[in-house]
Amino acid sequence: KKLPPELRFCEEVLMELRKSKHFEFNGAFLQPVDPVALNIPHYHKIIKKPMDLGTMGSKLQLGEYTSAKDFERDFELIVKNCKTFNGEDHIVYAQALRLQRLFSNEMAK
Ligand SMILES: Cc1ccc(Nc2c(-c3ccc(O)cc3)nc3c(C)cccn23)cc1
(Lines give C-alpha, C1' and ligand atoms only; values in the text may rest on other atoms or scores of the structure.)
Protein backbone atom coordinates (compact mmCIF):
# COMPACT_ATOMS: atom_id res chain seq x y z
CA LYS A 1 0.00 0.00 0.00
CA LYS A 2 1.49 3.38 -1.01
CA LEU A 3 2.24 5.78 1.85
CA PRO A 4 1.28 9.47 1.51
CA PRO A 5 4.30 11.73 0.80
CA GLU A 6 4.56 12.99 4.41
CA LEU A 7 4.88 9.43 5.72
CA ARG A 8 7.16 8.34 2.86
CA PHE A 9 9.51 11.05 4.14
CA CYS A 10 9.26 9.56 7.64
CA GLU A 11 10.17 6.18 6.13
CA GLU A 12 13.36 7.71 4.69
CA VAL A 13 14.23 9.28 8.06
CA LEU A 14 13.74 5.90 9.75
CA MET A 15 15.95 4.17 7.18
CA GLU A 16 18.74 6.63 7.91
CA LEU A 17 18.46 6.22 11.70
CA ARG A 18 18.63 2.44 11.37
CA LYS A 19 21.78 2.41 9.19
CA SER A 20 24.68 0.39 10.56
CA LYS A 21 26.97 3.41 10.12
CA HIS A 22 25.20 4.79 13.24
CA PHE A 23 25.94 1.61 15.22
CA GLU A 24 27.66 3.60 17.99
CA PHE A 25 24.35 5.08 19.09
CA ASN A 26 21.40 3.32 17.41
CA GLY A 27 21.99 -0.27 18.63
CA ALA A 28 19.94 -0.06 21.83
CA PHE A 29 16.94 1.31 19.92
CA LEU A 30 16.64 -0.90 16.82
CA GLN A 31 14.39 -3.51 18.44
CA PRO A 32 12.14 -3.62 21.54
CA VAL A 33 14.05 -3.50 24.84
CA ASP A 34 14.51 -7.16 25.89
CA PRO A 35 14.20 -7.24 29.71
CA VAL A 36 15.40 -10.88 29.82
CA ALA A 37 18.49 -10.28 27.67
CA LEU A 38 19.37 -7.13 29.62
CA ASN A 39 18.50 -8.64 33.00
CA ILE A 40 16.08 -5.83 33.83
CA PRO A 41 12.92 -7.82 34.71
CA HIS A 42 11.32 -4.70 36.20
CA TYR A 43 11.50 -2.78 32.90
CA HIS A 44 7.80 -3.09 32.03
CA LYS A 45 6.86 -2.08 35.58
CA ILE A 46 8.58 1.27 34.96
CA ILE A 47 8.00 1.79 31.21
CA LYS A 48 4.33 1.52 30.27
CA LYS A 49 4.68 2.51 26.60
CA PRO A 50 7.77 0.77 25.17
CA MET A 51 8.86 1.92 21.72
CA ASP A 52 11.76 1.28 19.33
CA LEU A 53 12.77 1.98 15.72
CA GLY A 54 11.77 -1.50 14.56
CA THR A 55 8.26 -1.15 15.94
CA MET A 56 8.02 2.30 14.36
CA GLY A 57 8.91 0.73 10.99
CA SER A 58 6.18 -1.90 11.39
CA LYS A 59 3.62 0.72 12.43
CA LEU A 60 4.56 2.80 9.38
CA GLN A 61 4.12 -0.13 6.99
CA LEU A 62 0.81 -1.13 8.66
CA GLY A 63 -0.54 2.39 8.14
CA GLU A 64 -0.81 3.01 11.88
CA TYR A 65 0.57 6.58 11.61
CA THR A 66 -1.79 9.25 10.32
CA SER A 67 0.80 12.05 10.22
CA ALA A 68 4.49 12.89 10.66
CA LYS A 69 3.50 14.31 14.08
CA ASP A 70 2.24 10.88 15.10
CA PHE A 71 5.51 9.35 13.95
CA GLU A 72 7.53 11.99 15.85
CA ARG A 73 5.56 11.29 19.04
CA ASP A 74 6.65 7.66 18.95
CA PHE A 75 10.28 8.65 18.45
CA GLU A 76 10.11 11.01 21.44
CA LEU A 77 8.76 8.04 23.44
CA ILE A 78 11.98 6.10 22.75
CA VAL A 79 14.08 8.94 24.18
CA LYS A 80 11.73 9.60 27.14
CA ASN A 81 11.62 5.89 28.09
CA CYS A 82 15.41 5.74 27.89
CA LYS A 83 15.81 8.81 30.13
CA THR A 84 13.22 7.52 32.62
CA PHE A 85 14.71 4.06 32.92
CA ASN A 86 18.44 4.70 32.54
CA GLY A 87 18.75 8.17 34.03
CA GLU A 88 20.52 11.18 32.56
CA ASP A 89 24.05 9.97 33.31
CA HIS A 90 23.79 6.56 31.66
CA ILE A 91 25.76 6.02 28.45
CA VAL A 92 22.64 4.61 26.74
CA TYR A 93 20.81 7.89 27.37
CA ALA A 94 23.78 9.75 25.82
CA GLN A 95 23.30 7.48 22.79
CA ALA A 96 19.58 8.33 22.74
CA LEU A 97 20.45 12.03 22.66
CA ARG A 98 22.78 11.49 19.70
CA LEU A 99 20.01 9.57 17.95
CA GLN A 100 17.61 12.41 18.72
CA ARG A 101 20.00 14.96 17.18
CA LEU A 102 20.23 12.83 14.03
CA PHE A 103 16.42 12.49 13.99
CA SER A 104 15.93 16.26 14.26
CA ASN A 105 18.48 16.93 11.51
CA GLU A 106 16.87 14.38 9.18
CA MET A 107 13.33 15.60 9.87
CA ALA A 108 14.42 19.16 9.07
CA LYS A 109 15.64 18.20 5.55
C1 LIG B 1 21.19 -3.20 34.41
C2 LIG B 1 20.91 -2.39 33.19
C3 LIG B 1 20.82 -0.99 33.28
C4 LIG B 1 20.56 -0.23 32.14
C5 LIG B 1 20.37 -0.85 30.93
N6 LIG B 1 20.07 -0.05 29.83
C7 LIG B 1 20.21 -0.49 28.55
C8 LIG B 1 19.29 -0.34 27.54
C9 LIG B 1 18.01 0.35 27.55
C10 LIG B 1 17.61 1.07 26.41
C11 LIG B 1 16.41 1.75 26.41
C12 LIG B 1 15.59 1.72 27.53
O13 LIG B 1 14.39 2.37 27.54
C14 LIG B 1 16.01 1.01 28.68
C15 LIG B 1 17.20 0.34 28.67
N16 LIG B 1 19.75 -0.92 26.42
C17 LIG B 1 20.95 -1.43 26.73
C18 LIG B 1 21.87 -2.13 25.91
C19 LIG B 1 21.55 -2.42 24.51
C20 LIG B 1 23.06 -2.54 26.45
C21 LIG B 1 23.35 -2.26 27.79
C22 LIG B 1 22.45 -1.60 28.59
N23 LIG B 1 21.26 -1.19 28.04
C24 LIG B 1 20.44 -2.25 30.82
C25 LIG B 1 20.71 -3.01 31.96
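Here's a quick rundown of the structure. In this text the structure is predicted, and so the values were computed from the model without any measurement.

Criteria and thresholds
- Residues numbered from 1 in each chain as written.
- Predicted model: local features only at pLDDT ≥ 70, side-chain atom pairs only at ≥ 80, totals over all residues.
- Heavy atoms only, no water.
- Axes fitted to C-alpha atoms, helices over the stretch in contact; angles between N-to-C directions.
- Helix = DSSP H or I, 4+ residues; strand = E, 2+ residues; numbered from the N terminus.
- Left-handed = near helix turned anticlockwise from the far one by under 90°.
- Contact = heavy atoms within 4.5 Å.
- Nonpolar A, V, L, I, M, F, W, Y, C, P; charged D, E, K, R; others polar.
- Near = heavy atom within 4 Å.
- Polar contact = N/O pair within 3.5 Å; in protein donor to acceptor, adjacent residues only side chain to side chain.

Bringing the packing of helix H1 (residues 5–17) against helix H6 (residues 91–107) into the picture now. Between H1 and H6, the least distance of the axes is 10 Å, while the angle of their chain directions is 145°. With respect to the hand of their crossing, H1 and H6 are arranged in right-handed fashion. On H6, the residues that touch Phe9, Cys10, Val13, Glu16 and Leu17 of H1 are Leu99, Leu102, Phe103, Glu106 and Met107. Here the residues of the contact of H1 with H6 are counted per class, giving eight nonpolar, no polar and two charged.

What surrounds the ligand is the set Ala28, Val33, Leu38, Ile40, Tyr43, Asn81, Cys82, Phe85, Asn86, His90 and Val92. In this structure, an oxygen atom belonging to the ligand sits 2.7 Å away from a side-chain N or O atom of Tyr43. Note that a nitrogen atom of the ligand is positioned 2.7 Å from one of the side-chain N or O atoms of Asn86. Per element, the largest residue contribution to the shell around the ligand is four residues, and it comes from helix H5 (residues 68–86). Taken together, the residues of the shell around the ligand break down into eight nonpolar, three polar and no charged.

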